[in-house]
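Chain by chain, the residues:
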Amino acid sequence: MSWFGWLGLLSPGALWAFAILPALLGAYLARERPRQATVSNVLALRALHVMRGQRFGGRPRLAWTFFLELLALAFAALATAGPYALTRGAPIAVVLDNSAPMEALTPAGKTRFEAAVAAVDEALGASGAGTATVYLTAPQPRAIGGALDDAGAARAALAHAHPVDAPDDPAALAALLGQLSADRRLGRIIYAGYRPIAAPVPARFQQIAVADPIPNYAIGRFTLSRETFGAAALHASLTVANLSPAPATLKVALEGDGRPLGTEQAEAAAGAAATIEFPRLAAAKVYRAELAPADGFMLDNAAYATGSSVKPVAILFVSPTPADGASLAGIPGLAVTARTPGQYTPRDVAACDVAIFEYAAPKELPQVNTLLVMPPPGDPVFALSAAAAPQVEIANWPPVNPLTGGVNFRLLNIRSGEYFGVHPWLDPIVNGPGGGLLLSGVRGGHRYIAAGFNPFPYLGRGNLPMSILTLNLLSDLAGLGAHSGGYRTGEAWIVPAGVERIVTPAGDRASVTAGALYIAVAQGVYQLAGAAGAPALRAVNLSDLGVSDLQNVPPIAIAPAPLAAAAGESTVRQPLAPYLLAAILGLIVFESLFVYRRRRAAA
Amino acid sequence: MLGLPEEFTADFIARLEQLRIKTRREYAGVGKGTHLSPRRGSSLEFSDFRHYSEGDDFRYIDWGLYGRTDKLYIKLFKEEEDLLTYIFIDASASMGYPEGDRKFASAIAIALAFAYVALAAGDRVMLRVLGGKGAMPPPAFVYGRHRIVELGKTLAGIKPAGELDLTAALAQELISIRRAGKVFLISDFLMMPNAAERALGLFNAANMDVTAVQVLGGGELDGQGLNGDVEAVDAESGERVRLSMGPRERARYREALLRLSREIRVFCFRNGLHYALYTTNASFQDFFLRAASEFGLAH
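Because the structure is a prediction, the values reported are computed rather than measured.

Draft legend 1. Focus on the overall build of chain A. On a plain count of helices and strands, chain A comes out with 11 helices and 33 strands. Relative to its full complement of 603 residues, chain A shows a buried share of 45%. Considering only contacts within chain A whose residues lie at least 6 apart along the sequence, 65% involve residues at least 24 apart. Summing over all exposed atoms, chain A offers an accessible surface of approximately 28,700 Å²; the carbon and sulfur share of this is 59%.

Below, the structure written as structure tokens:
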């Protein structure tokens, strides 16, 4: 229901409340006239007069305050009807890019984000009335604050926005812009970001580009691995990129827990990447790499990795004598789980990197790299034919092979074992007079090795030839235990079990629930703390050379909206109830002050 | 009887004859009387000694002292004089309300009773009416019990009226009073307690022996005539107060009046003044005779 084209009521039915006003007024006018009585003195009656004013249900007094209260009641009745004023104006959508590249510095010395906010603020200041919705793009496009009442509110919301270290999602951004473009109610769409909009730019779009090409040098991948299998020392590998138009020498300084560990450099042609290695690193909790020379986008000139990110190799040791497996725990970087043949489950196999079956055989072909040690006869999965030998002799072995490298077979004293017959897909690597002693093969993308002798327990320096051979076998099956340099900004994590809070690189604490998703939007090292134990560290880097390339930014293609021509001014309902409530409060305060002063004067 | 209020029966007058005004201090009078005066005279009340000088009456030589000291001393005695009695009646409009309570008539009766007691004892009386309308008694002392009739007739022609500032009116009267004496002030004292205290304090400061008699109507105390929605109009100031009166309100109103009365009583007791409260629904004769000691009267 609207009046005069600019006023309306959401609940006109509530106007029936006005009926109480004439009823009250009628009662007031028709009330009994008080009788006059002359008394010797009203001194003692004044106190009663005050009391009467405080009594509920007293008859209205012939005073202007009654009409003041009647007016307040009328306002309250009107407020319940939900009055509103219609204002004309086109809704505005503001899409502000807050992704990591917006942290790059412009030639004016401000960040791209600051420049974009200033430009949007200016554009909003010039716009008319109407609601405004502000969207941020990173890590995923989202609206902030809902539909804001006017451009002023939108400007206030922008003042609280800030860029994040995460890249944007070009596909999601294109989808958002396309959706806004198709919304016929919007009068204008302001997009401020570093990605240009591909021509033709849809109608109603106002593009604020902060996309000056900036020469940039960036660290891409930063990974840590073990120097060799079973070694304690770590090895760092970094990818650095020269995203500038001229060749450059890129230097990387590496620190471990704040202590300098070394500096390496590499020549990189324009637009090319190079790899920098840091071998035999001392152990540290947090490694930080910094790239020189500095440039306008400092975020990707630093990268972090944590020592704990070098993942241990999980070994499942299935044996009737699980104690043999325990001997492997002394090898750095190994996590051994021992099971008897009757205990292990397919879940144990799926959770490990390498499975070792000693005097046992799997129930099905393991989907992990597997070592079979003297499997029992009649194994249906591998169907190995074996002949036991009280004294095993080694006849030949390949001189160049990852399994046999460095092993002095002449010193290898194998007392008892078994010779394997010919196998369809396991090839003999080490042979004896009775057949193959060490078979190796690949099936379904996984490597399998069968040994006709038992290298366990692992004795280390107590039996060097056998230990070297054991390490060769495990190294071949498990690799070096490498892991990527951590996590990327904007990625969603599943909070690990036992973690109750996360401390961001800035020191902010967030309470989390295990199993919930957490999105890290700042680059640096996060601490994942639980109820007990030291917090786990997790390095998060931008680590995206595509985002770091600030010279070649692909434009966003938006499908033109077919209904754009229908856009125009729309009406916005401005609720008036708050003003009415404020007026009621004002009337009450005014009356209270008046009554208070009158009583004070009377006293 | 003889133009006096009907309460003045022969029996009551006979009882009044037996009363005397008793002051807490000694005041100088203007003639011979029955009250000790600070002057030296011929009463039986010893005052002091002094050395004999030629021409002194031998009868007053203290021979016992002569025997012990071998010196002649003359005994001095206090004088007995009449008492100057001032009676003030509040005749403001408030004394006329509520009309059925006869507050002013009661105030006149009390004043005449005081006057009779004084005149019967040979004291001099000046009766002054504050406010009101009608022929006022002259500002002069009267002497002799027969003058009570004249005073009664004068007071009978006065009606309570107008607004009265008791303090200012009493201050004005004090200017014309040359000698201290006994003061009776009869009023309803329906005013802010501090105003009543100021008024009473004036006499205290002037070394008067003061008796304050508060007269309240019996119906006034009960809030008679104040029922339901009432606009109460102040008889003196014209101030209006609207209220809805019920039993609870009337009880609170009575409480407030008695509280005012209590405050005046406390002031009087603290400052050595006599105080008595008369409510008009009580028997006048009984009240007066029973409260004689509170008035400062003695048999």
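Draft legend 2. A look at the overall build of chain B. What chain B contains, in helices and strands, is 10 helices and 12 strands. A fraction of 74% describes how many contacts in chain B between residues 6 or more apart in sequence connect residues 24 or more apart.

Draft legend 3. Molecular detail of the interface of chain B and chain A. Chain B puts 30 residues into the contact, and the matching count from chain A is 22 residues. Roughly 2,600 Å² of surface becomes buried between chain B and chain A when both sides are summed, with 58% attributable to carbon and sulfur atoms. Taken together, the links from chain B to chain A amount to 0 salt bridges. Where chain B touches chain A, the interface holds 8 residue pairs in polar contact (both at pLDDT 80 or more). Taken together, the elements giving at least two residues each to the side of chain B that touches chain A come down to β9 (228-234), β10 (240-245) and α8 (247-270) of chain B. Looking at the side of chain B that touches chain A residue by residue, the classes come out as 16 nonpolar, 4 polar and 10 charged. In terms of strand pairing, strand β3 (residues 35-39) of chain A meets β9 of chain B through 5 bridges, oriented parallel. Looking at β9 of chain B, one finds that T38 of chain A is bridged to V233 of chain B.

Draft legend 4. Spotlight on the nonpolar core. Counting residues in each nonpolar core, the largest one holds 50 residues, and the members touching the most others are F8, I110, F114, F288 and L297 of chain B. It is helix α3 (residues 103-120) of chain B that provides the largest number of residues to this core, a total of 15 residues. Residues contacting F288 of chain B, with those up to four places away along its chain left out, are F12, L16, L19, I110, A113, F114, F295 and L297 of chain B. I356, F453, F456 and L473 of chain A belong to the second-largest nonpolar core, a separate cluster that totals 34 residues.

Draft legend 5. A nonpolar patch on the surface, seen in detail. Residues and elements named next belong to chain A. The grouping of I20, L24 and L73 at the surface amounts to a nonpolar patch, some 230 Å² of accessible area in total. Within the element layout of this structure, I20 appears in helix α1 (residues 20-29). Taking relative accessible area as the criterion, I20 reaches 47% and is therefore assigned partly exposed.

Draft legend 6. Just the pattern of salt bridges, in detail. All names here are of chain B. Taken as a whole, this structure holds 17 salt bridges over all chains when the rule is applied. Across the pair R145 and E17 runs a salt bridge whose closest N-O atoms are separated by 2.8 Å. Of the two residues, R145 sits in the loop between β6 (142-143) and α4 (147-156) while E17 sits in helix α1 (residues 10-17), which places them 128 residues apart along the sequence. Residue class for R145 comes out partly exposed when judged on its relative accessible area of 39%.

Draft legend 7. The arrangement of the sheet that holds β6 of chain B in detail. Residues and elements named next belong to chain B. Judged by pairing direction, the sheet is mixed, and its 6 strands sit side by side in the order β6-β5-β4-β7-β8-β11 without closing on themselves. On the outer flanks of this sheet lie β6 and β11 (274-279), each paired with one strand and no other. Here strand β4 (residues 84-90) pairs with strand β5 (residues 124-130) via 7 bridges, running parallel. Residue pairing across strands places T85 opposite V125, the latter belonging to β5.

Draft legend 8. Spotlight on the packing of aromatic side chains. According to the stated counting rule, one finds 25 aromatic pairs over all chains in the structure shown. Aromatic pair F114 of chain B and F295 of chain B: ring centres 4.9 Å apart, planes at 85 degrees, arrangement edge-to-face. Pair noted here: F114 of chain B is in helix α3 and F295 of chain B is in helix α10 (residues 292-295), with a separation of 181 residues, a long-range link. Within the aromatic cluster, the residues linked to one another by ring pairs are F8, F12, F114, F184, Y278, F284, F287, F288 and F295 of chain B. One residue, R538 of chain A, lies across the ring of W493 of chain A, its end atom 4.9 Å from the ring centre. Lying over the aromatic face of F184 of chain B, K182 of chain B brings its terminal NZ or CZ to 5.2 Å of the ring centre.

Draft legend 9. Region of interest: the confidence of the model for chain B. Mean pLDDT over chain B stands at 88; residues scoring 70 or higher make up 98%. As scored by the predictor, the complex reaches a pTM of 0.48 and an ipTM of 0.81.

Draft legend 10. Representation of the environment of E290 of chain A. Residues and elements named next belong to chain A. For E290, the location among the structural elements is in strand β15 (residues 286-292). Given the relative accessible area of 34%, E290 is considered partly exposed. Remark: the alpha-carbon pair of E290 and E255, spanning 35 residues in sequence, is separated by 8.4 Å. Excluding its chain neighbours within four sequence positions, the residues that come into contact with E290 are I219, K251, V252, A253 and N301.

Draft legend 11. Representation of the confidence of the model for chain A within the structure. Residue and element names in this part refer to chain A. The predicted model of chain A has a mean per-residue pLDDT of 83, with 89% of residues at 70 or higher. Within chain A, the lowest mean pLDDT, 50, falls on strand β1 (residues 2-3), and the highest, 94, falls on strand β12 (residues 248-256). Counting interchain partners and residues more than four positions distant, the pLDDT-below-50 stretch residues 53-58 has 4 contacts.

Draft legend 12. Just the side chain of T211 of chain B, in detail. Mapped onto the secondary structure, T211 of chain B falls in strand β8 (residues 209-216). Within polar-contact distance, the side chain of T211 of chain B engages the side chain of K182 of chain B at 2.8 Å.

Draft legend 13. View of the pairing of β15 of chain A. Residues and elements named next belong to chain A. Here β15 shows a buried face lined by Y287, A289 and L291 and an unburied face lined by V286, R288, E290 and A292. One ladder, built from 6 bridges, connects β12 with β15; its direction is antiparallel. Bridge pairing links E255 to R288 in β15. Summarising the sheet, β15 and strand β16 (residues 302-306) pair through 5 bridges and their orientation is antiparallel. Among the inter-strand pairings, A289 is bridged to a residue of β16, identified as A303.

Draft legend 14. Geometry of unusual backbone geometry. In this structure, P139 of chain A follows A138 of chain A across a cis peptide bond, with omega equal to 0 degrees. When you line up the elements, P139 of chain A lands in the loop between β6 (132-136) and β7 (142-148). The amide bond that connects A199 of chain A to the next residue, P200 of chain A, takes the cis arrangement and shows omega of 0 degrees. Along the polypeptide, P200 of chain A turns up in the loop between β8 (188-193) and β9 (205-209). Not every positive phi belongs to a glycine, and R102 of chain B is a case in point at roughly 55 degrees. Mapping R102 of chain B onto the fold places it in the loop between β4 and α3. Since its relative accessible area comes to 42%, R102 of chain B is described here as partly exposed. Even without a glycine there, the phi angle at F189 of chain B is positive, about 50 degrees. Along the chain, F189 of chain B falls in the loop between β7 (182-187) and α6 (193-205). F189 of chain B gets classed as buried once you look at its relative accessible area, which sits at 1%.

Draft legend 15. The arrangement of the pairing of strand β23 (residues 427-432) of chain A in detail. Residues and elements named next belong to chain A. Bridge analysis of β23 against strand β24 (residues 435-443) gives 5 bridges, and the strand direction is antiparallel. Opposite N431, over in β24, you have G436 as the bridge partner. Between β23 and β24, which pair antiparallel and follow one another directly, the connecting turn spans 2 residues.

What counts, and where the lines are drawn
- Residues numbered from 1 in each chain as written.
- Chains lettered and ligands numbered in written order.
- Predicted model: local features only at pLDDT ≥ 70, side-chain atom pairs only at ≥ 80, totals over all residues.
- Heavy atoms only, no water.
- Helix = DSSP H or I, 4+ residues; strand = E, 2+ residues; numbered from the N terminus.
- Buried < 20%, exposed > 50% of the residue type's maximum accessible area, 1.4 Å probe, protein only.
- Contact = heavy atoms within 4.5 Å.
- Areas by Shrake-Rupley, 256 points an atom, 1.4 Å probe, with all protein chains shown as cover.
- Buried area = accessible area lost by both parts, 1.4 Å probe.
- Salt bridge = Lys/Arg side-chain N within 4 Å of Asp/Glu carboxyl O.
- Polar contact = N/O pair within 3.5 Å; in protein donor to acceptor, adjacent residues only side chain to side chain.
- Nonpolar A, V, L, I, M, F, W, Y, C, P; charged D, E, K, R; others polar.
- Pairing = 2+ DSSP bridges.
- Core = buried A, V, L, I, M, F, W, Y, C linked by side-chain atoms within 4.5 Å.
- Patch = residues over 30% accessible without salt bridge, like charges linked within 9 Å, V, L, I, M, F, W, Y side chains within 5 Å.
- Phe/Tyr/Trp six-rings, centres within 6.5 Å; stacked < 30°, edge-to-face > 60°.
- Lys NZ or Arg CZ within 6 Å of the ring centre and 35° of its normal.
- pLDDT = per-residue confidence, 0-100.

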